[in-house]
Amino acid sequence: MSDRLRLTRRGLLARGIALGCSAAASPFVTPIALASAPWDARLVVIILRGGMDGLDVVQPWGDRDFASLRKGALAAGPEHGASDLDGFYALHPAMAPLLPLWTAGELGFAHAVATPYRDKRSHFDGQDLLEAGTGYGAGQPISRDGWLNRMLQSVPGVEARTAFAIGREDLLVLNGAAPVANWSPDTSLEMSPQAESLLRLVAEGDPRFAAAIDEAIVLAGSADTMADVEVDDEGMMAMQQMVEKGGGGHLKVAEFAVQQLRADTRVAAFSLNGWDTHNGQGGALKRPLTQLAETIEALRLGLGDVWGKTAVLAMTEFGRTARENGTRGTDHGTGGAMIMAGGAVRGGKVYGDWPGLAEADLYDRRDLMPTEDVRSYAAVAMEGLFGLDRGLLE
């Protein structure tokens, strides 16, 4: 995709996506260059449930007001162990294992981003809006299908295995009319060829039942996917060692995603929890960030050559307050950060229009002011990866 292709703020506002920023701000979403071969690229969407504090993950330590907002338990910046990225932003210490990706241009961030959701700060509503991808406000109810599923509805050749919703939680982002397979780490299905034939016979004449049977057969065969992977693949072996050594459901999810993405799957989505850091954020944030870093690294290792045509988007429902609260944490906020990784991402940069952290620059004098819609980055990714038409996206 040409690095001149952009989604304009005027277009976003026309669709009712109020960004809550000055009209004098930059009118464009900064582009990301992605692979352009349809159905050869891969897209992984990770929903970070709980409201990740973007100011702690990608720390704007070069902003003169940052230190006064984050002091004591949440003091940040290179002098407190963060890794300087560009002289203005620093990366949380728990994300340090991903620094080689930043250096290689395969890790980037978008800052001061949000959905149009404002003020009520409900996790459930915020996540629904993030995953539905529709407008918000009077006369615009949140859709019960998701933007990833609507994307699948718009392209040819989609089968149940084209996209996987992974994990125990329902993923609205993949809900909808397009066929999608579902898998969780505790799924265990084994079917003989005779059983498959019998199920298909029973399902004849009932499209909905037939679709469910197709998904069950896909899941039954998923355990055999490793047979198609080269056993001497160093990256795959390194990923498996991570899974065996580290354990944890997040690595099992990453391993399964790798197996499918190396085969016929082109879209995978799952969620990671633990981002609601009201109390003791200094310690509480380390665990989910470590899991996220491990997940991205496992994807990189396991995907091997496929990593070069993969984009990973990690998105959260809202940010957190700019100031530390009385329990050494932060409360539900507005503007936050988005994480982008993969060989198909032009990384090594923090994208976005930085609004500043002076009190007058904060949203409602308490939150980071959002200057771009986080979902517009997802739209640019879909355009670049799968060649979707601009009009369709809008």
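Residues numbered from 1 in each chain as written. Predicted model: local features only at pLDDT ≥ 70, side-chain atom pairs only at ≥ 80, totals over all residues. Heavy atoms only, no water.

Visitor: Please set out unusual backbone geometry residue by residue, giving values where relevant.
Guide: One non-glycine residue with positive phi stands out, namely Ala-112, at about 60°. Its location among the elements puts Ala-112 in strand β5 (residues 107-114). Residues other than glycine seldom take positive phi values, yet Asp-364 does so here, at roughly 55°. In this structure, Asp-364 sits in the loop between β11 (350-351) and β12 (372-373). Relative accessible area serves as the criterion here: at 53%, Asp-364 is assigned to the exposed category. (Helix = DSSP H or I, 4+ residues; strand = E, 2+ residues; numbered from the N terminus. Buried < 20%, exposed > 50% of the residue type's maximum accessible area, 1.4 Å probe, protein only.)

Visitor: An account of the packing of aromatic side chains is needed here, citing residue identities and associated values.
Guide: Applying the stated criterion across every chain, the model contains 6 aromatic pairs. Between the aromatic rings of Tyr-89 and Trp-354, the centroid separation amounts to 5.8 Å while the plane-to-plane angle is 90°, which identifies the pairing as edge-to-face. One end of the pair, Tyr-89, is in the loop between β3 (83-84) and β4 (90-91); the other, Trp-354, is in the loop between β11 and β12, with 265 residues separating them in the sequence. Residue class for Tyr-89 comes out buried when judged on its relative accessible area of 7%. Summarising the aromatic geometry, the rings of Phe-164 and Phe-256 are spaced 5.1 Å apart at their centres and angled 80° between planes, so their arrangement reads as edge-to-face. Pair noted here: Phe-164 is in strand β6 (residues 163-166) and Phe-256 is in helix α10 (residues 249-261), with a separation of 92 residues, a long-range link. (Phe/Tyr/Trp six-rings, centres within 6.5 Å; stacked < 30°, edge-to-face > 60°.)

Visitor: Lay out the nonpolar core with the relevant residues and their values.
Guide: Judged by nonpolar contacts, the single largest core of 61 residues is most densely connected at Ile-46, Phe-109, Ile-166, Leu-292, Leu-299 and Ile-339. No other element matches the 8 residues that helix α12 (residues 286-303) contributes to this core. Leu-292 has contacts with Ile-46, Leu-48, Met-95, Leu-272, Trp-275, Ala-314 and Ile-339, leaving out every residue within four places of it along the chain. Formed by 38 residues, the second largest nonpolar core is a distinct cluster that contains Leu-152, Ala-163, Val-180 and Tyr-351. (Core = buried A, V, L, I, M, F, W, Y, C linked by side-chain atoms within 4.5 Å. Contact = heavy atoms within 4.5 Å.)

Visitor: Lay out the pattern of salt bridges in plain terms, naming residues and giving numbers.
Guide: On inspection of all chains with the given rule, the structure shows 13 salt bridges. Between Asp-40 and Lys-309 there is a salt bridge whose closest N-O contact spans 3.1 Å. In this pair, Asp-40 is assigned in the loop between α1 (9-14) and β1 (42-48) and Lys-309 in the loop between α12 and β9 (310-316), connecting sequence segments 269 residues apart. For Asp-40, a relative accessible area of 32% translates into the label partly exposed. For Glu-169, the salt bridge is made with Arg-49, and the minimal N-O distance between the two is 3.7 Å. (Salt bridge = Lys/Arg side-chain N within 4 Å of Asp/Glu carboxyl O.)

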